[in-house]
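# Architecture at a glance
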Amino acid sequence: MTGGRVPRPVLDLRGVTKVFGAGDTAVHALAGVDLVVERGEYVAVMGASGSGKSTLMNIVGCLDVPTRGRYLLDGVDTRRLDEGRQALVRNRKIGFVFQSFNLIPRTSAQSNVELPLAYAGVKLAQRRERAAAALARVGLADRGHHLPSELSGGQQQRVAIARAIVTEPVLLLADEPTGALDSRSTAEVLDLFDDVSAGGRTILVITHEEEVAERAHRVIRFRDGRIVSDERRAPRGTHVAVGGAA
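The shown structure was predicted, so the numbers you read here are calculated from the model rather than taken from an experiment. Along every chain, residues carry numbers that run from 1 in the direction the sequence is written. Only residues with pLDDT of at least 70 get local features here, since the model is predicted, and only at 80 or more are side-chain atom pairs given and counted; chain-wide, interface and lining totals rely on the full set of residues. Computation of side-chain values covers all heavy atoms of the structure but excludes hydrogens and water.

### Structural notes on the sheet that holds strand E1 (residues 11–20)
For two strands to count as paired, DSSP must find a minimum of two bridges between them. Helix and strand definitions here come from DSSP, where helices need a minimum of 4 consecutive H or I residues and strands a minimum of 2 consecutive E residues; each element is numbered from the N-terminal end. Reading across the sheet, the 4 strands line up as E2-E1-E4-E5 and stay open at both edges, with antiparallel pairing between neighbours. In this open sheet, the two strands that pair with only one neighbour each are strand E2 (27–37) and strand E5 (76–77). The pairing of E1 with strand E4 (residues 68–73) spans 5 bridges and is classified as antiparallel. Among the inter-strand pairings, Leu 11 is bridged to a residue of E4, identified as Leu 73. Contacts: residue pairs with any heavy atoms within 4.5 Å of one another. Lines are fitted to the C-alpha atoms to define the axes, a helix being fitted only along its stretch in contact, and any angle between axes, read from their N-to-C directions, falls within 0 to 180 degrees. Across the face of the sheet, helix H1 (residues 53–60) comes into contact with E1, E2 and E4 while running at roughly 120° to E1.

Set out below in C-alpha coordinates:
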(Lines give C-alpha, C1' and ligand atoms only; values in the text may rest on other atoms or scores of the structure.)
Protein backbone atom coordinates (compact mmCIF):
# COMPACT_ATOMS: atom_id res chain seq x y z
CA MET A 1 0.00 0.00 0.00
CA THR A 2 1.35 3.41 -0.96
CA GLY A 3 0.18 6.72 0.45
CA GLY A 4 -2.89 5.09 2.01
CA ARG A 5 -4.22 3.84 -1.33
CA VAL A 6 -5.32 0.20 -1.61
CA PRO A 7 -3.87 -1.46 -4.74
CA ARG A 8 -6.56 -2.44 -7.22
CA PRO A 9 -7.03 -6.16 -7.89
CA VAL A 10 -5.32 -7.63 -10.92
CA LEU A 11 -8.47 -9.65 -11.73
CA ASP A 12 -12.02 -8.66 -10.81
CA LEU A 13 -14.82 -10.77 -12.29
CA ARG A 14 -18.44 -10.08 -11.32
CA GLY A 15 -21.30 -12.30 -12.42
CA VAL A 16 -19.34 -13.58 -15.42
CA THR A 17 -21.40 -15.92 -17.57
CA LYS A 18 -20.41 -17.58 -20.82
CA VAL A 19 -23.02 -19.33 -22.96
CA PHE A 20 -22.25 -21.24 -26.14
CA GLY A 21 -25.14 -21.90 -28.52
CA ALA A 22 -28.78 -20.99 -27.96
CA GLY A 23 -32.09 -22.48 -26.97
CA ASP A 24 -32.19 -26.14 -26.02
CA THR A 25 -28.60 -26.67 -27.15
CA ALA A 26 -27.15 -23.80 -25.10
CA VAL A 27 -24.16 -24.71 -22.94
CA HIS A 28 -23.46 -22.56 -19.87
CA ALA A 29 -19.68 -22.88 -19.64
CA LEU A 30 -19.56 -20.27 -16.87
CA ALA A 31 -22.58 -19.60 -14.68
CA GLY A 32 -22.20 -16.31 -12.82
CA VAL A 33 -18.60 -16.42 -11.61
CA ASP A 34 -17.40 -13.90 -9.03
CA LEU A 35 -13.63 -13.87 -8.57
CA VAL A 36 -11.11 -11.35 -7.26
CA VAL A 37 -7.36 -11.97 -7.48
CA GLU A 38 -5.19 -9.45 -5.69
CA ARG A 39 -1.77 -8.25 -6.79
CA GLY A 40 0.93 -10.79 -5.96
CA GLU A 41 -1.35 -13.79 -5.48
CA TYR A 42 -0.35 -17.22 -6.84
CA VAL A 43 -3.57 -19.03 -7.75
CA ALA A 44 -4.25 -22.47 -9.20
CA VAL A 45 -7.58 -23.17 -10.92
CA MET A 46 -8.62 -26.83 -11.03
CA GLY A 47 -11.53 -28.82 -12.37
CA ALA A 48 -12.47 -31.76 -14.55
CA SER A 49 -12.84 -31.46 -18.31
CA GLY A 50 -15.92 -29.34 -19.02
CA SER A 51 -15.86 -27.67 -15.61
CA GLY A 52 -15.33 -24.18 -17.03
CA LYS A 53 -11.69 -23.63 -16.15
CA SER A 54 -10.52 -23.31 -19.77
CA THR A 55 -13.34 -20.90 -20.58
CA LEU A 56 -12.29 -18.86 -17.56
CA MET A 57 -8.72 -18.78 -18.85
CA ASN A 58 -9.84 -17.53 -22.26
CA ILE A 59 -11.84 -14.71 -20.70
CA VAL A 60 -9.12 -13.78 -18.20
CA GLY A 61 -6.59 -13.78 -21.07
CA CYS A 62 -8.81 -11.50 -23.21
CA LEU A 63 -9.05 -14.28 -25.80
CA ASP A 64 -12.84 -14.35 -25.41
CA VAL A 65 -15.53 -12.14 -23.88
CA PRO A 66 -18.28 -12.95 -21.35
CA THR A 67 -21.87 -13.33 -22.49
CA ARG A 68 -22.85 -11.39 -19.38
CA GLY A 69 -21.04 -9.89 -16.41
CA ARG A 70 -18.03 -7.62 -15.92
CA TYR A 71 -14.33 -8.35 -16.07
CA LEU A 72 -11.74 -5.80 -14.99
CA LEU A 73 -8.09 -6.55 -15.75
CA ASP A 74 -5.85 -4.32 -13.64
CA GLY A 75 -8.69 -1.82 -13.53
CA VAL A 76 -9.43 -1.96 -17.28
CA ASP A 77 -13.03 -2.83 -18.16
CA THR A 78 -12.55 -5.38 -20.93
CA ARG A 79 -16.15 -4.90 -22.14
CA ARG A 80 -15.10 -1.54 -23.54
CA LEU A 81 -12.22 -2.85 -25.64
CA ASP A 82 -12.36 -3.44 -29.38
CA GLU A 83 -10.18 -6.19 -30.89
CA GLY A 84 -7.20 -3.88 -31.41
CA ARG A 85 -7.21 -2.63 -27.83
CA GLN A 86 -7.73 -6.18 -26.54
CA ALA A 87 -4.56 -7.23 -28.35
CA LEU A 88 -2.72 -4.25 -26.87
CA VAL A 89 -3.90 -5.11 -23.34
CA ARG A 90 -2.89 -8.77 -23.80
CA ASN A 91 0.58 -7.73 -24.90
CA ARG A 92 1.16 -5.24 -22.10
CA LYS A 93 -0.60 -6.80 -19.14
CA ILE A 94 -0.52 -10.61 -19.61
CA GLY A 95 2.29 -13.09 -20.07
CA PHE A 96 1.08 -16.43 -21.44
CA VAL A 97 2.59 -19.88 -20.84
CA PHE A 98 0.99 -22.79 -22.71
CA GLN A 99 1.34 -26.56 -22.46
CA SER A 100 2.61 -26.75 -26.05
CA PHE A 101 5.19 -23.95 -25.53
CA ASN A 102 4.05 -22.09 -28.71
CA LEU A 103 7.57 -21.12 -29.73
CA ILE A 104 8.33 -20.16 -33.34
CA PRO A 105 10.25 -23.23 -34.61
CA ARG A 106 12.77 -21.58 -36.94
CA THR A 107 13.55 -18.68 -34.62
CA SER A 108 16.18 -18.68 -31.88
CA ALA A 109 15.31 -18.69 -28.21
CA GLN A 110 16.52 -15.09 -27.96
CA SER A 111 14.28 -13.97 -30.84
CA ASN A 112 11.29 -15.85 -29.40
CA VAL A 113 11.70 -13.98 -26.12
CA GLU A 114 12.11 -10.66 -27.94
CA LEU A 115 8.86 -11.11 -29.87
CA PRO A 116 6.37 -9.47 -27.45
CA LEU A 117 8.78 -6.56 -27.03
CA ALA A 118 8.87 -6.13 -30.81
CA TYR A 119 5.05 -6.04 -30.86
CA ALA A 120 5.21 -3.38 -28.14
CA GLY A 121 7.54 -1.23 -30.23
CA VAL A 122 10.61 -1.58 -28.01
CA LYS A 123 13.82 -0.65 -29.83
CA LEU A 124 16.15 -3.43 -30.95
CA ALA A 125 19.01 -2.81 -28.52
CA GLN A 126 16.67 -2.70 -25.55
CA ARG A 127 14.81 -5.79 -26.78
CA ARG A 128 18.02 -7.77 -26.92
CA GLU A 129 19.13 -6.62 -23.48
CA ARG A 130 15.81 -7.42 -21.83
CA ALA A 131 15.43 -10.78 -23.59
CA ALA A 132 18.94 -11.79 -22.58
CA ALA A 133 18.18 -10.86 -18.96
CA ALA A 134 14.93 -12.88 -19.04
CA LEU A 135 16.76 -15.93 -20.42
CA ALA A 136 19.37 -15.59 -17.71
CA ARG A 137 16.63 -15.47 -15.10
CA VAL A 138 15.28 -18.84 -16.26
CA GLY A 139 18.77 -20.36 -16.37
CA LEU A 140 19.26 -20.28 -20.16
CA ALA A 141 21.77 -17.47 -20.61
CA ASP A 142 23.90 -19.73 -22.80
CA ARG A 143 21.03 -21.04 -24.97
CA GLY A 144 19.83 -17.83 -26.61
CA HIS A 145 21.13 -18.78 -30.08
CA HIS A 146 19.55 -22.26 -30.03
CA LEU A 147 16.44 -23.14 -32.01
CA PRO A 148 13.54 -24.73 -30.10
CA SER A 149 14.31 -28.08 -31.78
CA GLU A 150 17.75 -27.97 -30.18
CA LEU A 151 16.29 -27.65 -26.68
CA SER A 152 14.65 -30.17 -24.37
CA GLY A 153 10.96 -29.84 -23.52
CA GLY A 154 11.81 -28.35 -20.14
CA GLN A 155 14.17 -25.83 -21.72
CA GLN A 156 11.54 -24.87 -24.29
CA GLN A 157 9.05 -24.20 -21.50
CA ARG A 158 11.63 -22.08 -19.70
CA VAL A 159 12.08 -20.05 -22.89
CA ALA A 160 8.30 -19.64 -22.97
CA ILE A 161 8.37 -18.40 -19.36
CA ALA A 162 11.14 -15.94 -20.24
CA ARG A 163 8.99 -14.69 -23.11
CA ALA A 164 6.01 -14.37 -20.75
CA ILE A 165 7.85 -12.30 -18.13
CA VAL A 166 10.04 -10.15 -20.41
CA THR A 167 7.32 -7.48 -20.73
CA GLU A 168 6.92 -7.37 -16.92
CA PRO A 169 3.17 -8.07 -17.14
CA VAL A 170 0.78 -7.67 -14.24
CA LEU A 171 -0.38 -11.27 -14.74
CA LEU A 172 1.37 -14.52 -15.64
CA LEU A 173 -1.33 -16.80 -17.06
CA ALA A 174 -0.34 -20.45 -17.48
CA ASP A 175 -2.46 -23.17 -19.09
CA GLU A 176 -1.38 -26.70 -18.07
CA PRO A 177 2.26 -25.53 -18.13
CA THR A 178 3.74 -28.90 -17.11
CA GLY A 179 1.40 -31.16 -19.07
CA ALA A 180 4.05 -32.06 -21.66
CA LEU A 181 7.01 -32.35 -19.28
CA ASP A 182 8.72 -35.14 -17.37
CA SER A 183 8.97 -35.01 -13.58
CA ARG A 184 12.38 -33.33 -13.47
CA SER A 185 11.41 -30.61 -15.95
CA THR A 186 8.12 -30.15 -14.10
CA ALA A 187 9.99 -29.47 -10.86
CA GLU A 188 12.27 -26.97 -12.63
CA VAL A 189 9.32 -25.08 -14.11
CA LEU A 190 7.45 -25.02 -10.80
CA ASP A 191 10.58 -23.74 -9.06
CA LEU A 192 10.64 -20.90 -11.60
CA PHE A 193 7.01 -20.09 -10.83
CA ASP A 194 7.90 -20.01 -7.13
CA ASP A 195 10.68 -17.53 -7.95
CA VAL A 196 8.41 -15.35 -10.09
CA SER A 197 5.79 -15.40 -7.34
CA ALA A 198 8.37 -14.46 -4.69
CA GLY A 199 9.21 -11.44 -6.85
CA GLY A 200 5.63 -10.19 -6.46
CA ARG A 201 4.18 -11.23 -9.83
CA THR A 202 0.55 -12.36 -9.93
CA ILE A 203 0.20 -15.91 -11.27
CA LEU A 204 -2.90 -17.80 -12.39
CA VAL A 205 -2.31 -21.45 -13.35
CA ILE A 206 -4.95 -23.62 -14.99
CA THR A 207 -4.17 -27.23 -14.11
CA HIS A 208 -5.57 -30.66 -13.35
CA GLU A 209 -2.38 -31.77 -11.56
CA GLU A 210 -2.32 -31.70 -7.77
CA GLU A 211 1.48 -31.46 -7.86
CA VAL A 212 1.18 -28.13 -9.66
CA ALA A 213 -1.62 -26.83 -7.45
CA GLU A 214 0.39 -27.63 -4.32
CA ARG A 215 2.81 -24.83 -5.20
CA ALA A 216 0.06 -22.19 -5.34
CA HIS A 217 -1.03 -20.17 -2.33
CA ARG A 218 -4.69 -20.35 -3.32
CA VAL A 219 -6.57 -23.17 -5.04
CA ILE A 220 -9.93 -22.60 -6.74
CA ARG A 221 -11.96 -25.58 -7.94
CA PHE A 222 -14.61 -25.42 -10.67
CA ARG A 223 -17.54 -27.69 -11.40
CA ASP A 224 -20.30 -27.11 -13.96
CA GLY A 225 -19.21 -23.55 -14.61
CA ARG A 226 -19.18 -22.51 -10.95
CA ILE A 227 -16.61 -22.10 -8.21
CA VAL A 228 -17.23 -24.88 -5.70
CA SER A 229 -14.25 -24.22 -3.39
CA ASP A 230 -11.71 -21.47 -2.83
CA GLU A 231 -8.92 -22.35 -0.42
CA ARG A 232 -5.90 -20.40 0.70
CA ARG A 233 -2.82 -22.25 1.85
CA ALA A 234 0.60 -21.46 3.15
CA PRO A 235 3.30 -22.27 0.59
CA ARG A 236 3.90 -26.05 0.66
CA GLY A 237 2.26 -26.15 4.06
CA THR A 238 -0.82 -25.78 6.18
CA HIS A 239 -4.13 -24.98 4.50
CA VAL A 240 -6.22 -22.07 5.71
CA ALA A 241 -9.77 -21.22 4.69
CA VAL A 242 -10.44 -18.07 2.69
CA GLY A 243 -10.92 -15.21 5.09
CA GLY A 244 -9.41 -17.20 7.94
CA ALA A 245 -6.35 -16.41 9.97
CA ALA A 246 -3.04 -17.43 8.47
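Having seen it, we continue.
### A look at the packing of aromatic side chains
Whether two aromatic rings pair depends on their centres lying within 6.5 Å, for rings of Phe, Tyr and Trp, where Trp uses its six-membered ring; planes under 30 degrees apart make the pair stacked, over 60 edge-to-face, and the rest tilted. This model, assessed by the stated rule, comprises 1 aromatic pair. Aromatic side chains Phe 96 and Phe 98 sit 5.7 Å apart centroid to centroid with 5° between the ring planes, which places their arrangement in the stacked category. Summary of the burial criterion: residues with accessible area below 20% of their type's maximum are buried, those above 50% are exposed, and those between are partly exposed, where the area comes from a 1.4 Å probe applied to protein chains only. The class of Phe 96 is buried, set by a relative accessible area of 15%. Judged by its relative accessible area of 21%, Phe 98 falls in the partly exposed class.

### Remarks on the nonpolar core
Nonpolar cores are built from buried Ala, Val, Leu, Ile, Met, Phe, Trp, Tyr and Cys residues. Side-chain atoms within 4.5 Å join them into one set. Val 113, Val 159, Ile 161, Leu 172, Phe 193, Ile 203 and Val 205 are the most contacted members of the largest nonpolar core, which has 37 residues in total. Of all the elements in the fold, those that place two or more residues in this core are strand E3 (42–46), helix H3 (109–119), helix H4 (124–137), helix H5 (153–165), strand E7 (171–175), helix H6 (183–198), strand E8 (202–206) and helix H7 (210–213). Non-local contacts of Ile 161, meaning those with residues more than four positions away in its chain, are made with Val 97, Val 138, Val 189, Leu 192 and Phe 193. Within the second largest apolar cluster, 28 residues are counted, among which are Val 43, Ile 94, Leu 173 and Ile 206.

### Some remarks on the layout of surface pockets
Roughly 430 Å³ of volume is contained in the largest pocket. Elements that contribute at least two residues to the lining of the largest pocket include exactly helix H2 (83–93), strand E6 (94–98), H3 and H5. The element contributing the most residues to the lining of the largest pocket is E6, with 4 residues. Partitioned by chemical class, the residues of the lining of the largest pocket number 9 nonpolar, 4 polar and 2 charged. Computed over the protein atoms alone on a 1 Å grid, cavities are sets of points where a 1.4 Å probe fits but cannot get out and pockets are open sets with protein on both sides within 12 Å along at least five of seven lines; a residue lines them when it has an atom within 4 Å of a point. Grid points are joined across faces, edges and corners, and a volume is the space filled by probe spheres set on the points. The classification used treats Ala, Val, Leu, Ile, Met, Phe, Trp, Tyr, Cys and Pro as nonpolar, Asp, Glu, Lys and Arg as charged, and all other residues, Gly among them, as polar.

### Thoughts on the side chain of Thr 186
With respect to the helices and strands, Thr 186 occurs in helix H6. Residues in contact with Thr 186, not counting those within four places in the same chain, are Thr 178, Leu 181 and Glu 211.

### Remarks on the pattern of salt bridges
Within this document, salt bridges are pairs made up of a side-chain nitrogen of Lys or Arg and a carboxyl oxygen of Asp or Glu, the two lying within 4 Å of each other. Considering all chains together, one arrives at 20 salt bridges under this definition. The residue Asp 74 makes a salt bridge to Lys 93 at a minimum N-O spacing of 2.8 Å. Remark: Lys 93 occurs in helix H2 and Asp 74 occurs in the loop between E4 and E5; sequence separation between them is 19 residues. For Asp 74, a relative accessible area of 6% gives the class buried. Ionic pairing is found between Glu 231 and Arg 233, a salt bridge with its closest N-O pair at 3.4 Å. Of the residues examined, Arg 233 reaches a relative accessible area of 9% and is grouped as buried.

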